[in-house]
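# Architecture at a glance
Listed here are the chains, written in short residue letters.
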Amino acid sequence: MALLEVTDLVTRFRTDDGIVQAVSGVSFSLDRGQTLGVVGESGSGKSVTFLTVMGLVDPRHADVTGSVRFDGNELLGASFSTLRKIRGQRIGMIFQDPMTSLNPVKRIGWQLEEAVLIHNDVSRSEARRRSLEVLDEVEIPRADARIDDYPHQFSGGMRQRVMIAMALINQPDLLIADEPTTALDVTTQAQILRLMKKLQDEHGTAIVMITHDLGVVAELADDAAVMYGGRIVEEAKVQDLFAQPEMPYTWGLLGSLPRADITAARLEQIPGQPPSLLRPPNGCAFNPRCAYAFDRCRAELPELRPSPTSGEHRFRCHLDDADRLRIWTAKKAELTSTEGTAA
Amino acid sequence: MDEGFALTRFVLRRTFWAFFLFIVATFVTYVIFYVVPANPVSLINGAGGTTAGQHLRTTLHLDVPVFQQYWIFVWNIVRHGSLGYSFLDGSSVRSVLGREAPITGSLILGGAVLWLLLAIPIGIISAIRPRSLVDRFGMIFVLIGVSAPAVWLGLILAYSFGFKLGWTPIADYCNFFPTHGLTLCSGPARWAYHLVLPWTTFALLFAAIYTRMIRASVMETLSEDYVRTAKAKGAGSMRLLVHHVLRNSMLPVVTLLGLDLVALGITNAVWTETVFNLHGLGSEIGYAARVGNLPMAVGIVVVVTIAVIVLNFIVDVLYAFLDPRIRLST
Ligand SMILES: Nc1ncnc2c1ncn2[C@@H]1O[C@H](COP(=O)(O)OP(=O)(O)OP(=O)(O)O)[C@@H](O)[C@H]1O
Ligand SMILES: [Mg+2]
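These numbers come from a predicted model, not from an experiment. (Residues numbered from 1 in each chain as written. Chains lettered and ligands numbered in written order. Predicted model: local features only at pLDDT ≥ 70, side-chain atom pairs only at ≥ 80, totals over all residues. Heavy atoms only, no water.)

## Overview of the overall build of chain A
To keep things clear, this is the line we draw: Elements are defined by DSSP. Helices are runs of H or I of four residues or more, strands are runs of E of two residues or more, and each kind is numbered from the N terminus. The globule rule used for comparison is 2.2 Å times the number of residues to the exponent 0.38, while the radius of gyration itself is calculated over C-alpha atoms. Only protein chains enter the area calculation, which uses a 1.4 Å probe; residues under 20% of their type maximum are buried, those over 50% are exposed, and those in between are partly exposed. His residues and chain termini do not enter the charge count, which takes Lys and Arg as positive and Asp and Glu as negative. For charged residues, the charge sits on one atom: NZ in Lys, CZ in Arg, CG in Asp, CD in Glu.
Counting its regular elements, chain A contains 12 helices and 12 strands. Its C-alpha atoms give chain A a radius of gyration of 21 Å, near enough to 20 Å, the size a compact globule of 343 residues would have. Principal-axis analysis of the C-alpha atoms gives chain A an extent of 65 × 50 × 40 Å. Counting over 343 residues, chain A shows a buried share of 52%. Of the charged side chains in chain A, 38 are positive and 47 negative; the average position of the first set lies 3 Å away from that of the second.

## Digging into the packing of helix 6 (residues 133-147) of chain B against helix 8 (residues 188-222) of chain B
Residue and element names in this part refer to chain B. Quick note on the threshold: Angles shown run from 0 to 180 degrees and are taken between the N-to-C directions of axes, each axis being a line fitted to C-alpha atoms and, for helices, limited to the stretch in contact. Note on angle classes: values under 35 degrees are labelled roughly parallel, values over 145 roughly antiparallel, values of 65 to 115 roughly perpendicular, and the remainder oblique. Definitions for this section: a left-handed crossing has its near helix turned counterclockwise from the far helix by less than a right angle. A right-handed crossing has that turn clockwise. Contacts are assigned to residue pairs that have any heavy atoms within 4.5 Å of one another. Residues are sorted three ways: Asp, Glu, Lys and Arg are charged, Ala, Val, Leu, Ile, Met, Phe, Trp, Tyr, Cys and Pro are nonpolar, and all the rest, Gly among them, are polar.
Axis separation between helix 6 and helix 8 bottoms out at 8 Å; the angle between their running directions is 130°. Comparing the axis directions of helix 6 and helix 8 gives the class oblique. Every pair of crossing elements has a handedness; the one defined by helix 6 and helix 8 is left-handed. Residues Asp 135, Met 139, Phe 141, Val 142, Gly 145 and Val 146 of helix 6 pack against Leu 204, Leu 205, Ala 207, Ala 208, Thr 211, Arg 212 and Arg 215 of helix 8. For the contact of helix 6 with helix 8, the class distribution of residues is eight nonpolar, two polar and three charged.

## Quick word on the site of ligand 1
Residues and elements named next belong to chain A. Applicable threshold: Throughout, near means a residue has at least one heavy atom within 4 Å of the molecule or strand. Polar contacts here mean pairs of N or O atoms no more than 3.5 Å apart (in protein, one a potential hydrogen donor and the other a potential acceptor; neighbouring residues in sequence count only if both atoms are side-chain atoms). Using the Shrake-Rupley algorithm and a 1.4 Å probe, accessible areas are obtained, with residue cover drawn only from the displayed protein chains.
Around ligand 1 sit 14 residues, and of these Ser 42, Gly 43, Ser 47, Glu 179 and His 212 come closest. At a separation of 2.7 Å, an oxygen atom of ligand 1 approaches a polar side-chain atom of Ser 47. At 2.6 Å from an oxygen atom of ligand 1 is found a side-chain nitrogen or oxygen belonging to His 212. Protein chains bury 65% of the 630 Å² of accessible surface belonging to ligand 1 in isolation. Breaking the shell around ligand 1 down by element, the ones donating at least two residues are strand 1 (4-15) and helix 1 (46-53). In terms of residue count, the dominant contributor to the shell around ligand 1 is helix 1 (three residues). Here the shell around ligand 1 is built from residues that sort into four nonpolar, seven polar and three charged.

## Focus: the interface of chain A and chain B
What counts, and what does not: Two parts placed together each lose some accessible area; with a 1.4 Å probe, that loss summed over both constitutes the buried area. Put simply, a salt bridge is a Lys or Arg side-chain nitrogen that is within 4 Å of an Asp or Glu carboxyl oxygen.
Opposite the 31 residues of chain A that make contact, chain B presents 25 residues. For the pair chain A and chain B, the two sides together bury roughly 2300 Å², of which 57% comes from carbon and sulfur. Sorting the residues of chain A by area buried against chain B places Pro104(A), Val105(A) and Glu114(A) first, and these three jointly supply 22% of that buried surface. Along the contact surface separating chain A from chain B lie two salt bridges. Among the salt bridges present, the one from Glu114(A) reaches Arg239(B), with a minimum N-O distance of 2.7 Å. Linking chain A to chain B there are 14 residue pairs in polar contact (both at pLDDT 80 or more). Here the side of chain A that touches chain B takes six residues from helix 3 (residues 108-119) of chain A, the largest share from any one element. A breakdown of the residues in the side of chain A that touches chain B according to their chemical character gives 16 nonpolar, eight polar and seven charged.

## Details of a nonpolar patch on the surface
Spelled out, the test is: Exposure above 30% relative accessible area and the lack of any salt bridge qualify a residue for a patch; like charges then connect within 9 Å, and the nonpolar side chains Val, Leu, Ile, Met, Phe, Trp and Tyr within 5 Å.
A cluster of nonpolar side chains, contributed by Phe16(B), Phe20(B), Val24(B), Val28(B) and Ile32(B), occupies part of the molecular surface with about 500 Å² of accessible area. As for its placement among the helices and strands, Val28(B) is situated in helix 1 (residues 3-35).

## Let's talk about the domain arrangement of chain A
Residue and element names in this part refer to chain A. Note the cut-off: How far each domain reaches was decided by an automatic or database domain assignment.
Each assigned domain of chain A is listed with its residue range as follows: domain 1 (4-221) and domain 2 (227-261 + 272-336). On the domain 2 side, the residues contacting the 30 residues of domain 1 number 20 residues. With both chains or domains summed, domain 1 and domain 2 bury close to 1800 Å², and 62% of this area falls on carbon and sulfur atoms. If you look at where domain 1 meets domain 2, you find one salt bridge. Arg 289 is the salt-bridge partner of Glu 41, the closest N and O atoms lying 2.9 Å from each other. Connecting domain 1 to domain 2 are six residue pairs in polar contact (both at pLDDT 80 or more). Those elements that place two or more of their residues in the side of domain 1 that touches domain 2 are strand 2 (18-30), strand 3 (35-39), helix 1 and helix 8 (214-220).

## Here's the deal with the sheet that holds strand 1 of chain A
Residues and elements named next belong to chain A. Under the convention used in this document: One requirement defines pairing of two strands: DSSP has to find at least two bridges between them.
Overall, antiparallel pairing links the four strands, which are arranged 2-1-4-5 in an open sheet. The strands lining the two open edges of the sheet, one partner per strand, are strand 2 and strand 5 (73-74). Relative to strand 5, strand 4 (residues 62-70) is paired through two bridges, and the arrangement is antiparallel. Of the residues in strand 5, the one forming a bridge with Phe 70 is Asn 73. Each of strand 1, strand 2 and strand 4 touches helix 1; the most contacted strand, strand 1, lies at about 110° to it.

## Comments concerning the confidence of the model for chain A
As a general rule, the predicted coordinates of low-pLDDT regions are not to be interpreted in detail. Operational definition: Confidence per residue, as judged by the predictor, is encoded in pLDDT with a range of 0 to 100.
This prediction gives chain A a mean pLDDT of 91; 94% of its residues lie at or above 70. Confidence over residues 260-267 of chain A falls short of pLDDT 50; this stretch has 12 contacts with residues more than four positions distant or in other chains.

## Overview of the environment of Ser126(B)
Residues and elements named next belong to chain B. In this fold, Ser 126 is placed in helix 5 (residues 93-128). Through-space distance from the C-alpha of Ser 126 to that of Ile 170 is 33 Å; in sequence the pair is 44 residues apart. The residues contacting Ser 126, other than those within four sequence positions of it, are Asp 135 and Arg 215. Among the polar contacts listed, one links the side chain of Ser 126 to the backbone oxygen of Ile 122, at a separation of 2.6 Å.

## Observations regarding the confidence of the model for chain B
Residues and elements named next belong to chain B. Of the residues in chain B, 87% reach a pLDDT of 70 or more, and the chain-wide mean stands at 82. Here helix 2 (residues 40-45) stands out as the element of chain B with the lowest mean pLDDT, 57, in contrast to helix 9 (residues 225-232), whose mean of 96 is the highest. Both confidence scores are given for the complex: pTM 0.83, ipTM 0.89.

## Considerations on empty space enclosed by the protein
Residue and element names in this part refer to chain A. What counts here: Points on a 1 Å grid, built from protein atoms alone, make a cavity when a 1.4 Å probe fits but cannot get out and make a pocket when they are open with protein on both sides within 12 Å along at least 5 of 7 lines; residues with an atom within 4 Å of a point are the lining residues. Grid points are joined across faces, edges and corners, and a volume is the space filled by probe spheres set on the points.
If you walk through the whole model with that rule in mind, you get six cavities of 30 Å³ or more. Put simply, the largest cavity is a space of about 70 Å³. Considering the residues around the largest cavity, the lining is formed by Met 247, Pro 248, Cys 284, Phe 286, Asn 287, Cys 290, Ala 293, Cys 297, Pro 302, Arg 316, Cys 317 and His 318. Taken together, the residues of the lining of the largest cavity sort by class into nine nonpolar, two polar and one charged.

## Considering the pairing of strand 9 (residues 223-228) of chain A
Residues and elements named next belong to chain A. Within strand 9, six of the six residues are buried, which leaves the element mostly enclosed by the surrounding structure. One ladder, built from four bridges, connects strand 3 with strand 9; its direction is parallel. When the sheet's bridge partners are listed, Gly 37 is paired in strand 9 with Ala 224. Judged from the six bridges that link them, strand 9 and strand 10 (residues 231-237) form a sheet pairing that is antiparallel. Following the sheet pairing, Met 227 is matched in strand 10 by Ile 232.

## Quick word on the sheet that holds strand 3 of chain A
Sheet strands associate in pairs through backbone hydrogen bonding, adopting either a parallel or an antiparallel arrangement. All names here are of chain A. Pairing in this open sheet of eight strands is mixed, and the strands run 6-7-8-3-9-10-12-11 from one edge to the other. The sheet terminates laterally at strand 6 (91-94) and strand 11 (304-306), the two strands that pair on one side only. The sheet shows a mean angle of 20° between the axes of neighbouring strands, taken without regard to direction. Inspection of the sheet shows strand 3 paired to strand 8 (residues 206-211) by five bridges, in the parallel sense. The residue bridging Val 39 from the neighbouring strand is Thr 211, located in strand 8. Taken strand by strand, helix 6 (residues 156-168) contacts strand 6 and strand 7 (174-178), and its axis lies near 170° from that of strand 6. On top of the sheet, helix 7 (residues 186-203) reaches strand 3, strand 6, strand 7 and strand 8; it is set at about 160° to strand 8, its chief contact.

The structure is reproduced here in structure tokens:
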């Protein structure tokens, strides 16, 4: 049985301008100890998907349908007390901005201890002992001297380590990391990713890694899901996705991937704007920006269908197999030729 | 930065600011009264220009230029701790104000306690339950408070609760500390009893604004990232509110309170004291201004300035206590 099984998840926000459908029928599953990389541009619904999984979208403004099964239990519609027991205990979550994600008026130690005390009937000194332990584990130097500091006395990278420590302190089965490195500099990013990998190896935690950056997915994930306009548009084993991406949006993402072997000059941004979720385009959400769109793309939403090579690799695109193969082969040649000139 | 050094700098800056405020406030009062002169000698004996008047002029130092008068005033404070004597009856300004300041202080501080007791719970509940019954009633209450003039509100309260229902006194003040004498009304219970209506007037005026502000502040805090973090940790609603929302959302309230207690407090005290026949600084300053009783007016300015300085200091300390970022960086 999968640890997390999400089926047909739909999240709609009621706003003053109308209904914003941020997530439109997302399904995926994640096994214990595995890592799922979720990529997509800003506004593609990555955060909302996982906030919905955690039950953290406000029911006063949002309607949610579908199913979220965690370890066999349905979370959608579960009582607040059931959800509370799962949050922080069995699912840990870390957020994009470590500068604002910690309470500025509480000491680091207090915030870590709180995570322990909410879920365990232990003394404060025991909670403190565990806090120190986990601070050591996330490699905060001189943890015993820093534990009574306030968040503003920590750098961004250190705060993100604290966030990781806090999310992992109760040894959850699943860690949802929402762009944990976006706000950090490149060196710190690499350190944080390495740390997450190490902790996963030690504890067997499953990870959902939400990111803009396919590079992060390549490095860390087993499976990858590409999101666009509130839908999964392509999903596959990571190596399959990189070897043979099946649809134009993913090609664009790969083209804009800053890699050491591609010169910055050839870095290709996907032209155009992400779709409006308030008034989404007809047909395929990507069609207004797609260089290969034809009439059908503007009329009909493509189903998520298996690729010719693997049943686990699925994508949304109306282009037929031959066309896609031809276009990708040409693109790949272009990307590798850049590599040639760079060398 | 070195913490000791930071503290010294802070104290120095505050002291300098206090002096600056004191000089500006008192000097401006002097100049205003000089530009719009009422002849104090005529206040005292009905007619100026007589020999007796000339004599008075000299004792009151009215025959010297304004700068010199100001200098004499400052010197008297420094040398004798004296604020001078009333132009009206020659009584010591210091002792008059010493009697009146506690009245105004009781009025404003008691009112503040009452308005916070109203505004904090209503503000918080309407923030966590927007569009609920409490929120809607709060809104009506706010509208009344914001649009009602103090005099009107005071009169309505005095009429209905004091005069019609006879629940509360509608005038006069009793000392907080028991005084032994037959005529003087005193003691905490009677003190509070006599102040119920003035306090309520005050509280209704300010509770409105504070309810709005606390509601906005709590709502803003609720949408902070760290509140989401706490939810993701599995914190319950009560824990969320008490540990993650309240302290952070009270920061702007503390700042505003420091300002309001003095500025708006005194302005509204003028009306409230008049309506409820309390002889405090508020009614005194109105009178002093009307008749041109310069020493009394300047004396009140001095008291108010001191109140501003003290309150600012308290706000700073409270702020530093509430917010560790301030504590370590100022
Ligand atoms: N509370 C809300 N009310 C209305 N719309 C919302 C709300 N939260 C999110 N949205 C909308 O849902 C869409 C998806 O947002 P989401 O935060 O999931 O994007 P994302 O993929 O995480 O982007 P980013 O990479 O910038 O974090 C956005 O268009 C956003 O404006
Ligand atoms: Mg996001």
